[in-house]
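Listed below are the residues making up each chain.
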Amino acid sequence: MYRLSKMRFGFPIGLFLLLFIDGSISQVFSQQMFNTPTVMVSHLVVLWLVCGVLFEENMAMPLAKWAAVIGAVFDLYYTGIFGVYIFVFPLVVYLTRQIVNYISPNFLSGLLIYFIDITIVEALSFVASRVVHMTSMSGSSFLVNTLGPTLAFNLAMFVILYFPIRWVYNWLK
């Protein structure tokens, strides 16, 4: 059914569109988002991937493959470390699918799942940055100055964009 739907082309277009919107938000609002010591990171790509799992229902989409592709592009375009997001994004898809097996997807459970996924993405990114000595930030500083504001921003974006993204997914089916 995936091969015959508009989702075949719509999903990757939306994924790459949100990748560039992530960068645009970071560029336009850099004074507000990256004001020392507080850092907020936009993860609309993760939102699109999580919504892909939440809304796929009976349509088996190759989300892990697209997550690896967008992870490679994200690594090459935005970060200096190749290999972090190429593994983190497919991991997020896998974990979200596992959680959806136990929790029926709706707005509130999607918010909880997105909270968990953003925490994992940011934590693994922080650990990778610590391993290659790109940051010397302490763990407690990371929790207060990066993870907290990032979660607040991304959960607000989830609340704002959940229903429009659901409409787009339903239109593409």
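Just so it is clear, the model here is predicted, and its values are computed rather than measured. (Residues numbered from 1 in each chain as written. Predicted model: local features only at pLDDT ≥ 70, side-chain atom pairs only at ≥ 80, totals over all residues. Heavy atoms only, no water.)

### Overview of the overall build of the protein
Looking only at helices and strands, the protein has 7 helices and 0 strands in total. For the protein, the N- to C-terminal ordering of α and β elements is α-α-α-α-α-α-α. Relative to the compact-globule value of 16 Å for 173 residues, the protein shows a C-alpha radius of gyration of 16 Å, a close match. Oriented by its inertia axes, the alpha-carbon framework of the protein measures out at about 50 × 30 × 30 Å. Expressed as a percentage of the 173 residues in the protein, the buried residues total 45%. Sequence separation of 24 or more characterises 73% of the internal contacts of the protein that already satisfy a separation of 6 or more. Summing over all exposed atoms, the protein offers an accessible surface of approximately 9200 Å²; the carbon and sulfur share of this is 68%. Seen as two clouds, the 8 positive and the 6 negative side-chain charges of the protein have centres 11 Å apart. (Helix = DSSP H or I, 4+ residues; strand = E, 2+ residues; numbered from the N terminus. Rg over C-alpha atoms; globule rule 2.2 N^0.38 Å. Buried < 20%, exposed > 50% of the residue type's maximum accessible area, 1.4 Å probe, protein only. Contact = heavy atoms within 4.5 Å. Areas by Shrake-Rupley, 256 points an atom, 1.4 Å probe, with all protein chains shown as cover. Lys, Arg positive; Asp, Glu negative; His and termini not counted. Charge placed at Lys NZ, Arg CZ, Asp CG, Glu CD.)

### Description of the packing of helix H1 (residues 7–28) against helix H7 (residues 139–172)
Think of two packed helices as two axes; the pair is described by the angle between the axes and how far apart they sit. Running from N to C, H1 and H7 point in directions that differ by 155°, and their axes come no closer than 12 Å. Relative to H7, the element H1 is oriented roughly antiparallel. Where H1 crosses over H7, the two elements pack in a sense that is right-handed. In contact with Met7, Gly10, Phe11 and Ile25 of H1, H7 contributes Phe153, Tyr169 and Leu172. (Axes fitted to C-alpha atoms, helices over the stretch in contact; angles between N-to-C directions. Parallel < 35°, antiparallel > 145°, perpendicular 65-115°, else oblique. Left-handed = near helix turned anticlockwise from the far one by under 90°.)

### A short note on the nonpolar core
Of all hydrophobic cores here, the largest spans 48 residues; its most connected members are Phe11, Val46, Leu49, Phe89, Tyr114 and Tyr169. Among the elements of the structure, H1, helix H3 (44–55), helix H4 (63–77), helix H5 (85–100), helix H6 (107–131) and H7 are those that each provide at least two residues to this core. In this structure, Leu49 is in contact with Phe11, Leu15, Leu63, Ala67, Phe89 and Val93, ignoring residues within four places of it in sequence. (Core = buried A, V, L, I, M, F, W, Y, C linked by side-chain atoms within 4.5 Å.)

### A short note on the layout of surface pockets
A volume near 630 Å³ is recorded for the largest pocket. For the lining of the largest pocket, the elements supplying multiple residues, two or more each, are H1, H6 and H7. No other element matches H6, which puts 4 residues into the lining of the largest pocket. Taken together, the residues of the lining of the largest pocket sort by class into 12 nonpolar, 9 polar and 2 charged. (1 Å grid on protein atoms, 1.4 Å probe; cavity = no way out; pocket = protein on both sides within 12 Å on 5 of 7 lines; lining within 4 Å. Points joined across faces, edges and corners; volume = space filled by probe spheres on them. Nonpolar A, V, L, I, M, F, W, Y, C, P; charged D, E, K, R; others polar.)

So yeah, pure geometry; function would need other evidence.
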